[in-house]
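# Working through the structure, step by step
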Amino acid sequence: MITVYMKKGCRQCRMVKKFLKDHHANFEEVDAGTVKGRAEVIEHGFRSLPLVIADGFKPFVGFNVVKLKELVEAQ
């Protein structure tokens with residue numbers, strides 16, 4: 001499962017979400033604008049968004065097409 005931490009107004013967050021939807025990927029969206037969501041991002045050792053986490057992959061931030069393609073192909 002892919003988990004994406006996002007917040008409103010984040011352009012890269014919207015781009016990641018669109019990419020995953022366009023590639024019919026199963027993912028969970030977490031609102032990093034909430035206290036709980038922000039705390040989870042920090043617990044993972046990050047302070048930037050979007051944060052993408054998936055089983056078997058190293059977490060990454062930003063709109064990284066190469067890494068997103070790897071995630072989609074692995075599903």
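Up top you'll find the structure we're talking about.
Structural notes, computed from the coordinates. The residue numbering used here restarts from 1 in each chain and proceeds along that chain's sequence as written. Given that the model is predicted, a residue must reach a pLDDT of at least 70 before its local features are reported, and side-chain atom pairs must reach 80 or more before they are shown or counted; all residues, however, enter totals for whole chains, interfaces and linings. With hydrogens and water set aside, each side-chain value is computed from the structure's full complement of heavy atoms.

On to the packing of helix H1 (residues 11-22) against helix H3 (residues 65-74). Inter-axis angles, ranging from 0 to 180 degrees, are taken between N-to-C directions of lines fitted to C-alpha atoms, where helices are fitted over the stretch in contact. Numbering goes from the N terminus for both helices and strands, where a helix is a DSSP run of H or I of at least four residues and a strand is a run of E of at least two. Between H1 and H3, the least distance of the axes is 11 Å, while the angle of their chain directions is 35 degrees. Seen along the crossing, H1 lies across H3 with a hand that is right-handed. Of the residues in H3, those in contact with Val16, Phe19 and Leu20 of H1 are Val65, Leu68, Lys69 and Val72. All residues other than Ala, Val, Leu, Ile, Met, Phe, Trp, Tyr, Cys, Pro, Asp, Glu, Lys and Arg, Gly among them, are scored as polar; the first ten of these are nonpolar and the last four charged. Grouping the amino acids of the contact of H1 with H3 by side-chain chemistry returns 6 nonpolar, no polar and 1 charged. By the definition used in this description, the sense in which the near helix is turned from the far one sets the handedness, with an anticlockwise turn below a right angle giving left-handed and a clockwise turn giving right-handed. Whether two residues are in contact is decided by their heavy atoms: any pair within 4.5 Å suffices.

In sheet architecture, strand pairing relies on hydrogen bonds along the backbone and comes in two forms, parallel and antiparallel. Taking strand neighbours across the sheet as the criterion, the 4 strands line up as E2-E1-E3-E4 in an open arrangement whose pairing is mixed. At either margin of the open sheet sits one strand with a lone partner, and together these are strand E2 (27-31) and strand E4 (60-61). If DSSP finds at least two bridges between two strands, the strands pair. Pairing between strand E1 (residues 2-6) and E2: 5 bridges, direction parallel. Following the sheet pairing, Ile2 is matched in E2 by Phe27. Across the face of the sheet, H1 comes into contact with E1, E2 and strand E3 (51-54) while running at roughly 155 degrees to E1.

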